[in-house]
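Here is what each chain is made of, one letter per residue.
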Amino acid sequence: MGKDTEQRNFIVNTGESYQNITTLLVAFNDKALIYADINIQATKENEIRINNLLEKFSEANGIHETNEQYFGKAPQYGPDGEDRLAIVLYEPTCDTSTYGYFAPRDFYNNDRYDPILCNSNACKAVYLNFSIDEISLKSTLAHEFQHLIYFYHKGMRKFEDNNYILTQEDIWLNEGMAKIAEEINGFDINNNPNTSSWILGSQLEISKLSLTNWDGNTYGIAYLFMHYLTQPGRYKGTIKEVTRAIIASGRQEATKDIEKITNEPFKNTLTKWALSL
């Protein structure tokens, strides 16, 4: 799967626990480096999937360019001094619903004595479950790259204050923004079964779910709220005006981010959104 044979070890959550995996650098350009778990078979089909993923990330109006336009710049360099994004492809070790993830700890050097930073890969990276279909692979890359940008602009100071996770309010807004990242990169409800499934599940369980109290099952309503909020002309002229305003607001509660955009109490916006469902 490529002519370069450079190996690199990564600490990856493969579904059950953090494990050291050995990867090969299988594709790269000026925007990204794709590392594949050595357990991923070197087939022609996999080579095509990897090259398509790299192209979708790096092309004009691709994921890299689109996300930076809508959400802000990613950090120029990771702790390792590399300016390109490391896209790490792994094979899950168990049956998991996790399509991929971004790890905030990677923005900091590894510290074997720290319970969080002992698993840092000290690089600008996202991790993708290579067992999923190609559409999901690309949409998850857009999703996780948004998380990377969001954390860089809004979460790093919290991390440095030893609060290693975002607050519950931050999470629902962050996840809603990540679903918008999928949409603006061409993976909306018409061609992204994952989003359609989450929306349907949320509608069926709407009475049991909370938008602002994230429990891991509210991707659908987080997306529906952000879709409502970002409709051109509702509160701002464009989607980009809303998403950039949220990122630019810095370190504050998510409801305050929304109130700054809508110029009304959050509970009023929440009520209007609920009535629109």
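The structure this text deals with has already been given above.
Below is a short write-up of the structure. Every chain is numbered independently, its residues counted from 1 as its sequence is written. Under the rules for a predicted model, residues below a pLDDT of 70 receive no local features and side-chain atom pairs below 80 are neither given nor counted, while totals for whole chains, interfaces and linings still include all residues. Just so you know, side-chain values use all the structure's heavy atoms and leave hydrogens and water out.

## Some thoughts on the packing of helix α2 (residues 63–71) against helix α8 (residues 239–248)
Each pair of packed helices gets described by two things: the angle between the helix axes and the distance between those axes. Throughout, an axis means a line fitted to C-alpha atoms (over the contacting stretch in the case of helices), and angles, computed between N-to-C directions, take values from 0 to 180 degrees. Comment: elements are numbered from the N terminus, with helices defined as DSSP H or I runs of at least four residues and strands as E runs of at least two. Direction vectors running N to C along α2 and α8 enclose 70°, while the axes themselves pass 7 Å from each other. By the criterion of interaxial angle, the relationship of α2 to α8 is roughly perpendicular. From α2, Glu68, Gln69, Tyr70 and Phe71 reach across to α8, where they touch Ile239, Lys240, Thr243, Arg244 and Ile247. For this classification, the nonpolar set comprises Ala, Val, Leu, Ile, Met, Phe, Trp, Tyr, Cys and Pro, the charged set comprises Asp, Glu, Lys and Arg, and every other residue, Gly included, is treated as polar. Classifying every residue of the contact of α2 with α8 by side-chain character gives four nonpolar, two polar and three charged. In this scheme, roughly parallel covers angles under 35 degrees and roughly antiparallel covers those over 145, while 65 to 115 is roughly perpendicular and the rest are oblique. We call two residues in contact when some of their heavy atoms are within 4.5 Å.

## Quick notes on the packing of aromatic side chains
Aromatic rings from Phe, Tyr and Trp, taking only the six-membered ring of Trp, are treated as a pair when their centres fall within 6.5 Å; an angle between ring planes under 30 degrees marks them as stacked, one over 60 as edge-to-face, and anything in between as tilted. Enumeration according to the criterion identifies 14 aromatic pairs in this entry. Note on Phe57 and Phe145: the rings are 5.2 Å apart at their centroids and 75° apart in plane angle, and the pair reads as edge-to-face. Within this pair, whereas Phe57 is found in helix α1 (residues 44–58), its partner Phe145 is found in helix α3 (residues 134–154), the two being separated by 88 residues in sequence. An identical accessibility class is assigned to Phe57 and Phe145; each is buried. For the pair Phe225 and Trp273, a centre-to-centre distance of 5.5 Å together with 80° between the ring planes defines the contact as edge-to-face. Of this pair, Phe225 sits in helix α7 (residues 219–229) while Trp273 sits in helix α10 (residues 266–276); the two residues are 48 residues apart in sequence, bridging distant segments of the chain. Burial classes: relative accessible area under 20% of the type maximum marks a residue as buried, over 50% as exposed, and values in between as partly exposed (1.4 Å probe, protein chains only).

## Structural notes on the sheet that holds strand β5 (residues 100–101)
Pairing between two strands is assigned when DSSP locates at least 2 bridges connecting them. With mixed pairing, six strands are arranged side by side in an open sheet as β1-β2-β3-β4-β6-β5. Bordering the open sheet on either side are β1 (7–13) and β5, each of which pairs with just one other strand. Helix-sheet contacts for α3 involve β4 (85–90), β5 and β6 (125–129), and the interaxial angle to β6 is about 150°.

## Structural notes on α8
Taken as a whole, α8 has its buried residues at Ile239, Val242, Thr243, Ile246 and Ile247. Take α8 and look down its axis: the buried residues cluster within an arc of 130°, on one side only. A positive phi of about 80° marks Gly250, the residue just after α8. Here, the arc refers to the directions that run from the helix axis to the C-beta atoms.

## Brief notes about the environment of Pro104
Counting through the fold element by element, Pro104 comes out in the loop between β5 and β6. Taking relative accessible area as the criterion, Pro104 reaches 23% and is therefore assigned partly exposed. Expressed as a C-alpha distance, the spacing of Pro104 and Trp214, which sit 110 residues apart in the sequence, is 18 Å.

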